[in-house]
Amino acid sequence: MQKRNVLLFLLLLCRAGDGWGQAGESAYCTEDDRAVFDRYVRTMDAKRTLPLGELVAETAQFFLGTPYVASTLEKEPEGLVVNLREMDCTTLVETCVALAQTLKSGQPSFETYGRCLQRLRYRDGVIRDYTDRLHYFSDWICENERKGLVRDMTRQMGGEPCRISVSYMSAHPENYRQLSSHPQWVEVIRQKEKEISARKGYAVIPAASVAACDARMKNGDIVCFVTRIEGLDISHLGIIYRKGDASSFIHASSSAKKVIVEPRSPARYAGDIRTNTGLMIVRPE
């Protein structure tokens with residue numbers, strides 16, 4: 001096993017009982033990921049006393065320029081993927097929140113980071129198989145709000161009641177390698193989709209109203225772009241970044257192929273996406 005290719009291994013830190021890598025669980029990372037983590041801690045240690053949201057925004061800035069790469073979580077068997085070298089919009093958000101939580105914990109170790117990341121990414125923080133991952137971000141919001149890790153601010157910011165209806169994964173299992181190779185999981189996903197779709201209390205800030213809510217968005221808030229694409233809920237994510245009175249967001253951009261500060265405001269970006277219906281705003285706690 002080459003030094004730089006330490007994929008699919010049970011880390012020494014993945015011992016039973018520590019919440020990451022319970023007995024039988026796998027973890028995926030490389031020594032380069034550990035090196036990025038160590039550099040992050042050295043760089044950000046002096047900022048650990050910042051409010052969590054500010055720290056999340058500072059963490060997002062740390063990753064500016066990181067390459068955009070999709071599907072980095074698609075490993076088999078299912079295990080915690082720690083990839084600080086490449087990100088998509090969802091893994092950037094999860095990474096920044098988990099790293100900020102790690103610094104705030106007072107125990108900024110790689111082990112602590114893994115526990116924070118796993119708790120965010122998986123239902124009840126437990127990995128048994130692919131169906132335990134929080135695939136739909138509306139489900140991610142609900143489950144992590146239940147854990148006390150985030151708060152959905154959408155309604156407080158003027159969001160209007162909306163209905164979320166998800167079905168895309170079970171309707172298109174051929175698009176997901178794990179569902180194609182494990183067809184018995186399709187029904188598990190379908191039942192979870194029904195549960196998500198049956199929940200009440202969802203709200204969205206209509207695209208035309210986003211500009212009026214701009215001043216209420218805080219550094220480190222998670223901005224979620226809600227889509228009208230059938231069977232999906234949220235199509236893109238970013239982290240609010242304010243500089244003076246101007247607001248933007250940091251995201252892993254598929255068009256720029258890297259993590260960038262978006263030159264457009266959330267309102268302008270939402271208006272430019274034909275399939276966008278509005279925003280949800282979620283605050284790490």
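This is a predicted model, so every value here is computed, not measured.

### Here's the deal with the environment of arginine 115
Okay, so step 1: In this fold, arginine 115 is placed in helix 4 (residues 110-121).
Okay, so step 2: For the pair arginine 115 and threonine 102, spaced 13 residues apart in the sequence, the C-alpha separation amounts to 9.0 Å.

### Regarding the environment of arginine 121
Okay, so step 1: Residue position: arginine 121 is located in helix 4.
Okay, so step 2: Judged by relative accessible area, which is 3%, arginine 121 ranks as buried.
Okay, so step 3: Distance in space between the C-alpha atoms of arginine 121 and aspartate 32 is 21 Å, their sequence separation being 89 residues.
Okay, so step 4: Ignoring sequence-local partners within four residues, the contact set of arginine 121 consists of Leu73, Leu80, Val81, Thr91, Glu94, Asp132, Arg133, Leu134 and Trp140.
Okay, so step 5: Within the structure, the side chain of arginine 121 is placed 2.8 Å from the side chain of glutamate 94, a separation counted as a polar contact.

### Some words on the pattern of salt bridges
Okay, so step 1: For the structure on display, the rule yields 23 salt bridges.
Okay, so step 2: Two residues, aspartate 33 and arginine 85, come together in a salt bridge whose shortest N-O distance is 2.8 Å. Linking aspartate 33 in helix 1 (residues 31-44) with arginine 85 in the loop between strand 2 (79-81) and helix 3 (89-104), this pair joins segments that are 52 residues apart in sequence.
Okay, so step 3: Of the residues examined, arginine 85 reaches a relative accessible area of 27% and is grouped as partly exposed.
Okay, so step 4: In this structure, glutamate 94 and arginine 121 form a salt bridge, with 2.8 Å as the shortest nitrogen-oxygen distance. Taken as a pair, glutamate 94 in helix 3 and arginine 121 in helix 4 lie far apart in primary sequence, 27 residues in all. Arginine 121 carries the same exposure label as glutamate 94, and that label is buried.
Okay, so step 5: Salt bridges sharing common partners tie together Arg123, Asp124, Asp139, Glu143, Arg146, Lys192, Glu195 and Arg199.

### Regarding the packing of helix 1 against helix 3
Okay, so step 1: The geometry of helix 1 relative to helix 3 is characterised by a closest axis approach of 11 Å and an angle of 60° between their N-to-C directions. The angle between helix 1 and helix 3 falls in the class oblique. The way helix 1 lies across helix 3 gives a crossing that is right-handed. For the pair helix 1 and helix 3, contact is made by Phe37, Tyr40 and Met44 and by Leu99, Ala100, Thr102 and Leu103, respectively.
Okay, so step 2: Along the lines of polarity and charge, the residues of the contact of helix 1 with helix 3 split into six nonpolar, one polar and no charged.

### Thoughts on the side chain of glutamine 101
Okay, so step 1: Take glutamine 101: it is sitting in helix 3.
Okay, so step 2: We classify glutamine 101 as buried; its relative accessible area is 12%.

### Some words on unusual backbone geometry
Okay, so step 1: Omega for the peptide link from glutamate 76 to proline 77 comes to 0°, which places this bond in the cis form.
Okay, so step 2: Mapping proline 77 onto the fold places it in the loop between helix 2 (52-62) and strand 2.
Okay, so step 3: The residue aspartate 124 is not glycine, and still its phi comes out positive at about 60°.
Okay, so step 4: Positioned with a positive phi, lysine 257 is a non-glycine residue whose angle comes to about 65°.
Okay, so step 5: Mapping lysine 257 onto the fold places it in the loop between strand 8 (246-253) and strand 9 (258-261).

### Some remarks on the packing of aromatic side chains
Okay, so step 1: This model, assessed by the stated rule, comprises ten aromatic pairs.
Okay, so step 2: With a centroid separation of 5.0 Å and an interplanar angle of 85°, the aromatic rings of phenylalanine 62 and phenylalanine 63 are classed as edge-to-face. Assigned by exposure class, phenylalanine 62 and phenylalanine 63 land together as buried.
Okay, so step 3: Taking 6.4 Å as the distance between ring centres and 40° as the angle between the ring planes, the aromatic pair formed by phenylalanine 110 and tyrosine 113 counts as tilted. Highlighted residues: phenylalanine 110 and tyrosine 113, both in helix 4, separated by three residues, approximately one helical turn.
Okay, so step 4: The class of phenylalanine 110 is buried, set by a relative accessible area of 4%.
Okay, so step 5: Ring-pair connections join several aromatic residues into one group, and the members of that group are Phe37, Phe110 and Tyr113.

Cut-offs and rules
Residues numbered from 1 in each chain as written. Predicted model: local features only at pLDDT ≥ 70, side-chain atom pairs only at ≥ 80, totals over all residues. Heavy atoms only, no water. Helix = DSSP H or I, 4+ residues; strand = E, 2+ residues; numbered from the N terminus. Buried < 20%, exposed > 50% of the residue type's maximum accessible area, 1.4 Å probe, protein only. Contact = heavy atoms within 4.5 Å. Polar contact = N/O pair within 3.5 Å; in protein donor to acceptor, adjacent residues only side chain to side chain. Salt bridge = Lys/Arg side-chain N within 4 Å of Asp/Glu carboxyl O. Axes fitted to C-alpha atoms, helices over the stretch in contact; angles between N-to-C directions. Parallel < 35°, antiparallel > 145°, perpendicular 65-115°, else oblique. Left-handed = near helix turned anticlockwise from the far one by under 90°. Nonpolar A, V, L, I, M, F, W, Y, C, P; charged D, E, K, R; others polar. Phe/Tyr/Trp six-rings, centres within 6.5 Å; stacked < 30°, edge-to-face > 60°.

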